[in-house]
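Below are the chains, spelled out letter by letter.
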Amino acid sequence: SALTQKYSKLKISDKLKENINLLSQDDSYTITTGQQVHIFLGPLYVIYKAISAIRLANKLSQLHPNKKFVPVFWMAGEDHDFEEISYINLFNKQIKWDKPENFHGPVGRLKTDSLLPLLEEIKSILGPNYQNTYLLEVFEKAYSTQSNLNDATRYIINELLGEQGLIVLDPD
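Not measured: the values here are computed from a predicted model.

**A short note on the overall build of the protein**
In step 1: In terms of helices and strands, the protein carries seven helices and five strands.
In step 2: Counting helices and strands in the order they occur from the N terminus, the protein gives α-α-β-α-β-α-β-β-α-α-α-β.
In step 3: Relative to a compact globule of 172 residues, whose C-alpha radius of gyration would be 16 Å, the protein shows 17 Å and is just as compact.
In step 4: For the protein, the proportion of its 172 residues judged to be buried stands at 44%.
In step 5: Long-range pairs, those at least 24 residues apart, make up 72% of the contacts in the protein between residues at least 6 apart in sequence.
In step 6: Total accessible area on the protein stands at roughly 9800 Å², and carbon and sulfur atoms take up 51% of it.
In step 7: For the protein, the separation between the mean place of its 18 positive charges and that of its 21 negative charges on side chains is 6 Å.

So, in structure tokens, the structure goes:
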């Protein structure tokens, strides 16, 4: 019920709905990976981890058709290490998010509207390019419409991998 509530404001695929429902069945198992939330998903291995969980769940489902395997991404937004999540490196340029004044607490609770100027910086580095357009639009929508970094990260991962049934779990 907590997952259903968290996803209630997002467009989710039939596969994701099915996987959320499978979690309540005794013959279901999770294939879980995770990472602390980062701006713009952070290091590339975040995507590799998520895709690896999806692929392993699919493979195990083929090998054991009498069981269900559900890929889960554990989004560690309850971490407090702002410095670790506050920057990305893009083509040898560091793009850094300045910590909001007086914020102390889990990084996943940070408001994301101050990330939009960084998105403009990323756009200027990448330039106009058809392949970049979709991803940049996803980031822009996430950071302008979601209330915090946890919700924005769930939105981004859902847009990129939700069709594959990947569940994003927010333990905060």
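**Some details on the side chain of Ser 28**
In step 1: Relative to the assigned elements, Ser 28 resides in strand S1 (residues 28-36).
In step 2: The exposure class assigned to Ser 28 is buried, which follows from its relative accessible area of 14%.
In step 3: From its side chain, Ser 28 meets the backbone oxygen of Leu 22 in a polar contact 2.7 Å long.

**Quick word on the confidence of the model for the protein**
In step 1: The predicted model of the protein has a mean per-residue pLDDT of 92, with 100% of residues at 70 or higher.
In step 2: The secondary structure element of the protein with the lowest average pLDDT is helix H1 (residues 2-6), at 89, and the one with the highest is helix H2 (residues 14-22), at 96.

**Points about empty space enclosed by the protein**
In step 1: Applying the stated criterion across every chain, the model contains one cavity of 30 Å³ or more.
In step 2: Size it by volume and the largest cavity reaches roughly 40 Å³.
In step 3: In terms of lining, the largest cavity is formed by Gln 35, Gln 36, Val 37, His 38, Leu 41, Val 46, Phe 73, Met 75, Thr 153 and Ile 157.
In step 4: Among the elements of the structure, S1, strand S2 (68-76) and helix H7 (149-161) are those that each provide at least two residues to the lining of the largest cavity.
In step 5: Along the lines of polarity and charge, the residues of the lining of the largest cavity split into six nonpolar, four polar and no charged.

**A look at helix H5 (residues 116-126)**
In step 1: Within the span of H5, buried status applies to Leu 118, Leu 119 and Ile 122. Summarising the axial view, the buried residues of H5 lie within an arc of 105°, below the 170-degree limit, and thus occupy one face. Across from the buried face of H5, at angles greater than 90 degrees, the exposed residues are Pro 117 and Ser 124.
In step 2: Against strand S3 (87-90), strand S4 (93-96) and helix H6 (130-145) lie the buried residues of H5.
In step 3: With its phi angle positive at about 75°, Gly 127 sits one or two positions after the end of H5.

**Describing the pattern of salt bridges**
In step 1: Applying the stated criterion across every chain, the model contains eight salt bridges.
In step 2: For Lys 6, the salt bridge identified is with Asp 170, shortest N-O distance 3.9 Å. Of this pair, Lys 6 sits in helix H1 while Asp 170 sits in the segment after strand S5 (167-169), and the two are 164 residues apart along the sequence.
In step 3: Taking the shortest distance from any N to any O, the salt bridge between Arg 109 and Asp 172 comes out at 2.8 Å. Remark: Asp 172 occurs in the segment after S5 and Arg 109 occurs in the loop between S4 and H5; sequence separation between them is 63 residues.
In step 4: Arg 109 gets classed as partly exposed once you look at its relative accessible area, which sits at 46%.
In step 5: What makes Asp 172 partly exposed here is its relative accessible area of 36%.
In step 6: Among the charged side chains, a salt-bridge network with shared partners connects Lys 6, Asp 151, Arg 154 and Asp 170.

Definitions and cut-offs
Residues numbered from 1 in each chain as written. Predicted model: local features only at pLDDT ≥ 70, side-chain atom pairs only at ≥ 80, totals over all residues. Heavy atoms only, no water. Helix = DSSP H or I, 4+ residues; strand = E, 2+ residues; numbered from the N terminus. Rg over C-alpha atoms; globule rule 2.2 N^0.38 Å. Buried < 20%, exposed > 50% of the residue type's maximum accessible area, 1.4 Å probe, protein only. Contact = heavy atoms within 4.5 Å. Areas by Shrake-Rupley, 256 points an atom, 1.4 Å probe, with all protein chains shown as cover. Lys, Arg positive; Asp, Glu negative; His and termini not counted. Charge placed at Lys NZ, Arg CZ, Asp CG, Glu CD. Polar contact = N/O pair within 3.5 Å; in protein donor to acceptor, adjacent residues only side chain to side chain. pLDDT = per-residue confidence, 0-100. 1 Å grid on protein atoms, 1.4 Å probe; cavity = no way out; pocket = protein on both sides within 12 Å on 5 of 7 lines; lining within 4 Å. Points joined across faces, edges and corners; volume = space filled by probe spheres on them. Nonpolar A, V, L, I, M, F, W, Y, C, P; charged D, E, K, R; others polar. Arc of directions from axis to C-beta. Salt bridge = Lys/Arg side-chain N within 4 Å of Asp/Glu carboxyl O.

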